[in-house]
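# Structural description and commentary
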Amino acid sequence: MRALQQLLARLSAEPACLVEVEATQGSAPREQGAWMAVFGAGDAPTSSGQIGTIGGGHLEWLAAEKARAMLAGGETEAHERYPLGPKLGQCCGGVVHLRFLKVGAADRAALQARLAEKFAPVAIFGAGHVGAALVQVLAPLPLQITWVDSRDAIFPAELPANVVAEHSEPIEAAVGDLPAGSSIFILTHNHQQDLFITQACLARLREQGDLGMVGLIGSATKRASFAHRLEERGFSATEFARITCPIGVPGITGKAPEVIAIAVAAQLLQSLNY
């Protein structure tokens, strides 16, 4: 997201060569669609450097060299194949197909539409220490974050562009308004609120089945307690199995909010296949 905005702003002043990964075979440093923009033609003050990356190493160095040659010459588009073997000095062993394209100010709108990342919806219930740490970790990623709490004054005055703060009372009412496919993390300051939000998530899963990962902060004891209480409310063990509790990738034992946030963010990325 930031790289694209930097590219669009810089294209107003000077052209670039966009280098995109068109396809890969075998092991490769970046996936199809990864890109970098190379600058360097002429004698303008900003006529050097690049934005983005296609994986670094000798592959990126050669691609940047090709891009600068195109900026200095008349070639406007090229397609090249790079085997990542010993000759290239990279041990990935696969093959990367790159597209080189000269772009300028007139291409900004088309690039905005084509390169913009799809933002996956995520909802964080709870604006306490862990919730705030999780927002900070997730904000740089291509996610659209809804941050919900029953305490309106607890949210910071300034939020990242992809984060929307929502005051909801009762807090569980916000579950019904979330976009389809939302991943949800439940980590409020109140266990009763956590229970009501979990129940609302299970009800939506039963009725619509359109939520992603649903994570509940807590211990194995909390999980057992919630499973029992929700069974009394008519939800089966199979339904409750959709709730991830405890949250965070296994093996990380730290309890500091920042540590929990990183472990939870990694688990979310696994569920989204990032």
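See the structure shown above.
These notes cover the structure that comes with them.

Conventions used here
Residues numbered from 1 in each chain as written. Predicted model: local features only at pLDDT ≥ 70, side-chain atom pairs only at ≥ 80, totals over all residues. Heavy atoms only, no water. Pairing = 2+ DSSP bridges. Helix = DSSP H or I, 4+ residues; strand = E, 2+ residues; numbered from the N terminus. Axes fitted to C-alpha atoms, helices over the stretch in contact; angles between N-to-C directions. Contact = heavy atoms within 4.5 Å. Phe/Tyr/Trp six-rings, centres within 6.5 Å; stacked < 30°, edge-to-face > 60°. Buried < 20%, exposed > 50% of the residue type's maximum accessible area, 1.4 Å probe, protein only. Lys NZ or Arg CZ within 6 Å of the ring centre and 35° of its normal. Expected span 1.5 Å × (residues − 1). Arc of directions from axis to C-beta.

This part is about the sheet that holds strand 8 (residues 163–167). One open sheet accounts for six strands, arranged 8-7-6-9-10-11; its pairing is parallel. The open sheet terminates on both sides in strands that have one partner only, identified here as strand 8 and strand 11 (243–244). Pairing analysis gives six bridges linking strand 6 (residues 120–125) to strand 7 (residues 143–149), with the strands arranged parallel. Each residue of the ladder has a partner; that of Ala 123, found in strand 7, is Thr 146.

This part takes up the sheet that holds strand 5 (residues 95–103). One open sheet holds the five strands; their spatial order is 3-2-1-5-4, and the pairing between them is antiparallel. The open sheet terminates on both sides in strands that have one partner only, identified here as strand 3 (50–52) and strand 4 (77–83). Averaged over all neighbouring strand pairs, the angle between strand axes comes to 20 degrees, with direction disregarded. The pairing of strand 2 (residues 35–38) with strand 3 spans three bridges and is antiparallel. Bridging across to strand 3, Met 36 finds its partner in Gly 52. Packing against the sheet, helix 2 (residues 57–72) makes contact with strand 1 (16–25), strand 2, strand 3, strand 4 and strand 5, and its axis sits at approximately 30 degrees to strand 5.

This part is about the packing of aromatic side chains. Summed over the entire model, instances satisfying the criterion amount to one aromatic pair. Measuring from centroid to centroid gives 5.3 Å for Trp 147 and Phe 155, while their planes differ by 75 degrees, and the two rings are edge-to-face. A relative accessible area of 2% places Trp 147 in the buried class. Note that Arg 10 overlies the ring of Phe 39, its terminal NZ or CZ placed 3.9 Å from the centroid.

Okay, the pairing of strand 1 next. As paired strands, strand 1 and strand 5 are joined by nine bridges and run antiparallel to one another. Within strand 5, the residue paired with Thr 24 across the bridge is Val 96. Across four bridges, strand 1 lies against strand 2 in antiparallel orientation. Within strand 2, the residue paired with Glu 20 across the bridge is Trp 35.

With that out of the way, let us pick up the side chain of Glu 20. Assignment of secondary structure puts Glu 20 in strand 1. If sequence neighbours within four positions are ignored, Glu 20 has contacts with Ala 34, Trp 35, His 97, Leu 98, Arg 99, Arg 114 and Leu 115.

Note that the residue after Glu 169, namely Pro 170, is joined by a cis bond; omega there is 5 degrees. Relative to the helices and strands, Pro 170 is located in the loop between strand 8 and strand 9 (183–186). For the bond running from Cys 245 to Pro 246, omega is 0 degrees, close enough to zero to count as cis. Following the sequence through the fold, Pro 246 ends up in the loop between strand 11 and helix 8 (257–272).

A word on helix 2. Given 3.6 residues per helical turn, the α-helix brings residues three or four places apart onto the same face. Between its first and last C-alpha atoms helix 2 spans 23 Å; for 16 residues at 1.5 Å apiece the expected length is 22 Å, and the two agree. Looking only at helix 2, the buried set comprises Leu 59, Glu 60, Ala 63, Ala 64, Lys 66, Ala 67, Met 70 and Leu 71. Buried residues in helix 2, looked at end-on, bunch into an arc of 165 degrees, giving them a common side. Its buried side turned inward, helix 2 meets strand 1, strand 2, strand 3, strand 4 and strand 5.

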